[in-house]
Amino acid sequence: MIARIVIPLLLVIVLSDLYIDIHYFYHHYRLRWWKRLLWWMPCLVVVVYTCCLASIDNFIPDNQLWLDVYLFLVGLAFGPKVVFVVCSAVGWCVRKFVTHTHRNWGHYIGLLLGAILTIAYLYGLTFGFSKVKVKRVDLSFSDLPASFDGFKIVHISDAHVGTFRGWRKRILESEIDSVNSQHADLVVFTGDIENIQPHEVERMLPLLKRLPPMVMVLGNHDYDRYVKVDSAKAKAMKVKLSRAVKQLGTLLCNQSLAIEHKEQGEKIFVAGEENFEKPYKANLSRTMRGVPDNAFCIFLQHEPEAWRASILPKTHAQLTLSGHTHGGQMQLFGFRPTKLIYNEDYGLYQQDGRYLYVTAGLGGLMPFRLNMPNEVTVITLHKK
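Every value quoted in this text rests on a predicted model; they were computed, and no experiment measured them.

Asker: Explain the overall build of the chain to me, and be specific about the residues and the numbers.
Answerer: When helices and strands are tallied, the chain shows nine helices and 12 strands. Taken along its principal axes, the extent of the C-alpha atoms in the chain is 85 × 50 × 35 Å. Out of the 384 residues in the chain, the part that is buried amounts to 51%. Of the contacts made within the chain by residues no fewer than 6 positions apart, 74% connect residues no fewer than 24 positions apart. If you sum the accessible surface of the chain, you get close to 18800 Å²; carbon and sulfur atoms cover 61% of it. Across the chain, the mean location of the 43 positive side-chain charges is 9 Å away from that of the 33 negative side-chain charges.

Asker: Give a description of helix α2 (residues 33-55) that names residues and reports values.
Answerer: With 23 residues, α2 ought to run about 33 Å at 1.5 Å a step, and its terminal C-alpha atoms sit 32 Å apart, in line with that. Along α2, the sharpest kink reaches roughly 35°, centred on Trp40 and followed within four residues by the proline Pro42. Every buried residue of α2 is listed here: Trp40, Cys43, Val46, Tyr49, Thr50, Leu53 and Ala54.

Asker: Give me the lowdown on the pattern of salt bridges, citing residues and values where you can.
Answerer: If you walk through the whole model with that rule in mind, you get seven salt bridges. Between Asp17 and Lys81 there is a salt bridge; the shortest N-O distance is 2.7 Å. Of this pair, Asp17 sits in helix α1 (residues 6-26) while Lys81 sits in helix α3 (residues 65-99), and the two are 64 residues apart along the sequence. A relative accessible area of 1% places Asp17 in the buried class. Residue classification places Lys81 among the buried positions, given a relative accessible area of 15%. Close ionic contact of Asp21 with Arg36 constitutes a salt bridge, the shortest N to O distance being 2.8 Å. Pair noted here: Asp21 is in helix α1 and Arg36 is in helix α2, with a separation of 15 residues, a long-range link. Residue class for Arg36 comes out partly exposed when judged on its relative accessible area of 22%. What you see here is one network of salt bridges that share partners, running through Asp68, Arg165 and Arg168.

Asker: Tell me about the nonpolar core, and name the residues and values.
Answerer: The biggest cluster of nonpolar side chains holds 31 residues, and the ones touching the most others in it are Ile156, Val161, Leu172, Ile193, Leu208, Met214 and Met216. Taken together, the elements giving at least two residues each to this core come down to β2 (152-156), α5 (169-180), β3 (186-190), α6 (199-208), β4 (214-217), α7 (231-245) and β12 (374-383). Looking at this core, the element that brings in the most residues is α6, giving five residues. Excluding its chain neighbours within four sequence positions, the residues that come into contact with Leu172 are Val161, Phe164, Met204, Leu207 and Leu208. If you look at the next biggest cluster of nonpolar residues, it comprises 28 residues, including Val188, Leu252, Val270 and Tyr355.

Asker: A description of the state of the cysteines should follow, citing residues and the corresponding values.
Answerer: Each disulfide consists of a covalent bond between the sulfur atoms of two cysteine residues. What the rule picks out here adds up to zero disulfides. Looking at Cys52, it has no disulfide partner, and the nearest cysteine sulfur is the one in Cys51, 7.0 Å off. Cysteine Cys253 remains unbridged, with the sulfur of Cys297 as its closest cysteine sulfur at 16 Å.

Asker: Would you mind going over the packing of aromatic side chains in detail, with residue names and values included?
Answerer: Counted according to the given criterion, the structure contains 15 aromatic pairs. Both rings, one in Phe148 and one in Phe151, keep their centres 5.3 Å apart while their planes meet at 65°; by these two values the pair is edge-to-face. The same class applies to Phe148 and to Phe151, which are both buried. Through successive ring pairs, a cluster of aromatic residues spans Tyr19, Tyr24 and Phe84. The ring of Trp105 has Arg103 lying over it, and the distance from NZ or CZ to the ring centre is 5.5 Å.

Asker: Provide a residue-level description of the sheet that holds strand β8 (residues 297-300), including the pertinent values.
Answerer: One open sheet holds the six strands; their spatial order is β6-β7-β8-β9-β11-β10, and the pairing between them is mixed. The outermost strands of the open sheet, each flanked by one partner alone, are β6 (255-260) and β10 (347-351). Averaged over all neighbouring strand pairs, the angle between strand axes comes to 20°, with direction disregarded. As judged from the five bridges shared by β10 and strand β11 (residues 354-358), these two strands associate in the antiparallel manner. Considered in β11, the bridge of Gln351 is made with Arg354.

Scoring rules and cut-offs
Residues numbered from 1 in each chain as written. Predicted model: local features only at pLDDT ≥ 70, side-chain atom pairs only at ≥ 80, totals over all residues. Heavy atoms only, no water. Helix = DSSP H or I, 4+ residues; strand = E, 2+ residues; numbered from the N terminus. Buried < 20%, exposed > 50% of the residue type's maximum accessible area, 1.4 Å probe, protein only. Contact = heavy atoms within 4.5 Å. Areas by Shrake-Rupley, 256 points an atom, 1.4 Å probe, with all protein chains shown as cover. Lys, Arg positive; Asp, Glu negative; His and termini not counted. Charge placed at Lys NZ, Arg CZ, Asp CG, Glu CD. Expected span 1.5 Å × (residues − 1). Bend = angle between axes of the 7 residues up to and from the residue. Salt bridge = Lys/Arg side-chain N within 4 Å of Asp/Glu carboxyl O. Core = buried A, V, L, I, M, F, W, Y, C linked by side-chain atoms within 4.5 Å. Disulfide = S-S within 2.5 Å. Phe/Tyr/Trp six-rings, centres within 6.5 Å; stacked < 30°, edge-to-face > 60°. Lys NZ or Arg CZ within 6 Å of the ring centre and 35° of its normal. Pairing = 2+ DSSP bridges. Axes fitted to C-alpha atoms, helices over the stretch in contact; angles between N-to-C directions.

So, in structure tokens, the structure goes:
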């Protein structure tokens with residue numbers, strides 16, 4: 001994870017301290033060398049920490065506590081500092097080339113924005129990540145079998161259970177209680193149950209087994225993409241995860257299943273496709289095999305971009321459920337970072353009477369959420 005951005009990350013960390021040291025401590029306050037050295041000590045520690053994390057083979061350390069501590073230090077100490085430096089530099093340019101005054105208002109704006117950023121970051125790591133929202137969606141279809149009118153689906157995704165250690169375990173318990181309280185006819189999970197390794201799921205199985213039996217698909221984090229292992233170890237990890245997941249319900253790997261109404265005998269189908277992007281495991285024709293052309297179909301796919309790319313043009317699935325984006329894990333004035341990457345990044349989308357719902361998920365690799373709480377989605381189907 002850190003290795004992918006290590007160079008820009010180190011530049012941001014070092015250059016922000018260098019700007020403050022030269023601009024303030026050397027020219028303005030003229031601090032003695034040992035006091036300036038003290039200022040540089042935290043930066044040197046974080047630089048070494050960054051290089052150590054970047055040198056590991058896996059996407060994140062086996063003990064995620066090392067990553068949590070790092071994100072806390074960088075976000076709390078260097079994030080606000082970078083904001084201050086940018087504002088100060090812009091203010092200096094404005095003062096020197098535009099207003100020709102002695103006062104740099106960028107200092108004050110930077111201090112204010114840095115303080116706001118610090119508070120927001122602390123909130124996102126604690127209260128923001130602890131929030132669980134139950135979102136209700138009602139959808140009507142003309143081709144829904146009459147006996148399934150009022151059929152209630154609970155849609156969850158992106159648990160990333162390896163993140164719920166220590167005090168965060170209470171958050172996962174709250175999410176499970178929220179799912180159970182819905183008394184759904186069907187619970188579906190659309191991938192990313194782990195961060196990078198199956199032992200995370202095995203450790204949480206006693207708690208996860210409190211969930212109703214689920215119909216599940218895998219996400220990009222549920223493969224061996226983020227760990228460097230040989231083929232034998234990768235195969236063993238796949239078997240271990242599959243074994244653990246099957247204790248929680250039915251795992252669909254490019255497969256489908258029929259759900260039959262107990263009294264009327266009418267059926268709807270659930271099709272579950274493997275991951276659409278890296279690692280590419282999707283097989284659409286195999287997934288839809290056994291689903292009649294006139295049947296009502298609920299399609300499970302972790303990656304929402306598959307909806308326009310393949311599901312809409314190549315299937316008749318009336319409802320597609322996805323995750324993956326986490327809703328950007330933050331939202332400010334309607335803007336989410338994921339909007340820059342995905343056309344359908346969060347919420348309900350519709351085309352020609354066919355729907356996609358992208359949930360914000362239950363967690364994330366990084367335990368941070370701001371105005372985008374963990375989500376349990378309740379979708380009720382209606383006959384038009």
